[in-house]
Each structure stands twice: as structure tokens, then as C-alpha cells.
Amino acid sequence: MAELIDLKELEERVILIAVSTSDEDDTRQSLDELEELADTAGAVTVDKIIQNRERIHPGTYLGKGKIEEVRERVFELGATGVICDDELSPAQLRNLENALDTKVMDRTMVILDIFASHAVTSEGKIQVELAQLKYRAARLVGLRNSLSRLGGGIGTRGPGEKKLEVDRRLIHDRIGQLKAELLEVKRHREVARKQRDRNYTLSAAIVGYTNAGKSTLLNKLTGAGILAEDKLFATLDPTTRGMELPSGQKILLTDTVGFIRKLPHHLIEAFRSTLEEARYSDIILHVVDCVSPQMDSQIHIVYETLRKLEIKDKTIVTVFNKIDCLEQEVILKDLQSDYQVKISARTGEGLEELTEILETILRGRKIFLEKLYTYKDAGKIQTIRKFGQLLSEEYRDDGILVTAYVPTELYAGLMAEA
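Residues numbered from 1 in each chain as written. Predicted model: local features only at pLDDT ≥ 70, side-chain atom pairs only at ≥ 80, totals over all residues. Heavy atoms only, no water.

- As named in an unreviewed UniProt entry, the chain is GTPase HflX, taken from Clostridium symbiosum.
- Check the Function (unreviewed entry) section of the UniProt entry for the chain; it says "GTPase that associates with the 50S ribosomal subunit and may have a role during protein synthesis or ribosome biogenesis."
- We quote the UniProt Sequence similarities (unreviewed entry) comment for the chain here in full: "Belongs to the TRAFAC class OBG-HflX-like GTPase superfamily. HflX GTPase family." (UniProt positions renumbered as here; feature names shortened; annotations may be inferred.)

### Re the packing of helix α2 (residues 27-40) against helix α5 (residues 107-118)
So, step 1. Running from amino to carboxyl end, α2 crosses α5 at an angle of 35 degrees, the nearest separation of the two axes being 9 Å. Considering only the axes of α2 and α5, their crossing is left-handed. Listed contacts from α5 to Ser30, Glu33, Leu34, Leu37, Ala38 and Thr40 of α2 are Arg107, Val110, Ile111, Ile114 and His118.
So, step 2. By residue class, the composition of the contact of α2 with α5 is 6 nonpolar, 3 polar and 2 charged. (Axes fitted to C-alpha atoms, helices over the stretch in contact; angles between N-to-C directions. Helix = DSSP H or I, 4+ residues; strand = E, 2+ residues; numbered from the N terminus. Left-handed = near helix turned anticlockwise from the far one by under 90°. Contact = heavy atoms within 4.5 Å. Nonpolar A, V, L, I, M, F, W, Y, C, P; charged D, E, K, R; others polar.)

### Observations concerning the nonpolar core
So, step 1. Of all hydrophobic cores here, the largest spans 66 residues; its most connected members are Ile17, Tyr61, Val70, Val82, Ile83, Leu96 and Val104.
So, step 2. Ranked by the residues each element gives to this core, the list is headed by α5, at 7 residues.
So, step 3. Excluding residues that lie within four positions of it along the chain, Val82 makes contacts with Ile15, Ile17, Val70, Val74, Leu100, Thr102, Lys103, Val104 and Met105.
So, step 4. Judged by nonpolar contacts, the second largest core, of 25 residues, contains Leu218, Leu221, Met243 and Leu351. (Core = buried A, V, L, I, M, F, W, Y, C linked by side-chain atoms within 4.5 Å. Buried < 20%, exposed > 50% of the residue type's maximum accessible area, 1.4 Å probe, protein only.)

### Focus: the sheet that holds strand β2 (residues 43-52)
So, step 1. Here we have 4 strands laid out as an open sheet, ordered β2-β1-β3-β4, and parallel in their pairing. Whereas interior strands pair on both sides, the edge strands pair on one side only; in this sheet they are β2 and β4 (103-106). Strand-to-strand twist of the sheet, defined as the mean angle between neighbouring strand axes without regard to direction, takes the value 25 degrees.
So, step 2. Note that strand β3 (residues 81-84) and β4 share 4 bridges and pair parallel. The partner of Gly81 across the bridge, within β4, is Lys103.
So, step 3. Contacts from α2 reach β1 (12-20), β2 and β3, with the element oriented near 160 degrees to β2. (Pairing = 2+ DSSP bridges.)

Right, here's the structure in full:
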């Protein structure tokens, strides 16, 4: 009978290291977040080390003395590797690994690894592989040494792992192929978007810092039934669901990938087509974890990421989530948004107010119509029912008197005489 493998032996034990170049930076919070990322990727953090330097060492990330300290800690704690809180250059990766004589990873590698294990749809897998290959193309030599030290673990998962040992030319060929596949996906998305435009359906993109509760909110509002875990990047693939508001108005809600500090540029580029759902939406629902001690910096990072993606001139509703977990009264404000609401996506508290805000925004995009239609024109009332909000209809001898809110694009046609 085959011997069972003790999984504990395969567990990665990592030391997290970071460089702080200013008293005002958020290195400690960033390192705490890296610990969560490592946990999501399946590694246990055994120590965290910060070096204060004027700037990151261009050749080895850390200074010589700190490298010696980390090397000793690796030996004392039985660590299987270290993770740096920044993206390392190929030279830094190689030099640091030689100096420490252990597996070296960086923040980008960990994030890519999490994305690789969470991608479910073919689009998600294409995007992750594209990001992994772009990252690895420049680091083939360093990574080959690194990964030979440990079978499996962070940095070796996902569709990109089988490409590690092929030469650079093949990798670039594969990148070209994946880009073409993504272009095809983008075309399909544009067709679906044009169809939505023809139906005059407004859409809202749910954005926010990772683990703010976006998926839980989508599930609560639409019954989408998507995975919602207390983990970073629990959901990766965008999900779009229709929601009917109490007035009968319809809106499409799309859950997008979570934002994070130092989101790797490879990922922003690879996931651009997914995040374009936010660019083409009418409304941005910005979900904020109001319990997080880093709430203000997380809000800032989300707006910065939206700016990088050139998402602007949208109606923004800031949704302060998890109010059921607040132990004391906190002032919750976002001066950059048009509307603000406090909710608990888990318990449903505040969702009524959120739907009222959505009703108000949708109604604001429509024009009030009052018209008497002859009975032979009754078909137009069907159009109002389908695309607008029918407030009243009164059947009289000379026709049907209708009051409604209708999309601006349809107003002229609905007012025209037959």
C-alpha cells in the first residue's frame, strides 16, 4: 500500500522582508497585507523583517548586513523561502537568492500564484497565463534556479508552470497567441455590450479593495451564488447579473477583480478587458471595508487604480460595507463620490437605501413622459413597459393616458404622432 504523504512536510514557511525608505510610508501595513497574500497562497509566515534604507539596493534589494540577518533567521526558523514586498528585477532576484541560499519570491509572484489557482473561466485562465509569461519572460534564468530548490509551492502553480523550461522565443510566441485569444474575448464582450445598449439597460460595476465584500453584495442583490470567502482575491472572474429594482426598473451588476497595493502592472494589463466592464458601466459601486484599519488608504488605492485604467466621469456610489462588525461609531466619508450608503452585505442592513439610490440614479437618466395614445398606438406602451418605467395608464374613450419615465433615446419616437 502506498505511503501517505505528510502534507505538513510540504508546507511553505516563509520570512517576509521589506524596505522602508521613508517614515511616512505604509511598509508595515503593506507587509501585513503580504502576510495575508502568503496565507491565501498556502504559506505560513514565520517572521517579518523591515530594513530602513534611503533607497532599495539596486543589486540585492537589502543591504549586506540585513542579508546576513535574514540568512540566519532562515536557518533558525527552518524557513523554506523569503518573500520580498516589492517586485524584484531579475538581477535582484538572482543575487538575493545566491546570498541567502534559499528560494526567493516577490510580491508579484505571490499575487500571480493566487490568481492562477483562482481562475475558473477560460478568459480568466488566459489572462493569468499572459501575466505569468510576461513576468517570467524577463526572469527565466533566476526563476529556473529558484524553482529547482523546491518542488512545487508558490510561483509554480497555474498554466504558466509548464512554460518555464521553454526558451524565450516560444514564450513570446505563446504571449502573441494569448493576446489574440483575449482580443477575441474582447470582441464577444463588445457584442454583448452593444446588445445591452440596444436594450437601454444601465449597468453598474462593483469595484473595491480585495476582500471588501463585493461578491457578497452581488450575491445578496441578485442571488448570483458566486464564491464569497474571507480571503484575498477569492473571486477572480467577473460575473454579470441582472437586478430588478422595486419600481420595475432593471440594472446589470458586474463584480470585478479586487484592487490591492502594488497591483502588478502585468496584471492590470492582462485584466484590462475584464476591468473594461467598469469603464463602460454607467455607475461605479465602490465597496469599502469600513472595519479595516487601512480604510482610507484602501479608498485612495481604488481611486488611483481607476485613474490608471482611465475610468472617469462616472456616477460613483460609495458603499461602506461590514457596518455590523463596527464596535464603535466611526465617521464614514468619501468626498470623491456622488452618493454614500452604509450597509452590511452579510445581514442585508442598508440594502433598501442602496436600492433607493440606484432607483434615483436610473430615474435621473430618464425623461418624464405624459401622453394620450390612441388605441392603434397601444404598441408604444409595450415599448415603455420594456425599456422605461410605467407610472400610470388610464383607459379612456379617446385613448390611453400614460405617464412614465423613458430612456432619453426613445423619448422623441414615443412622443411622435403615428
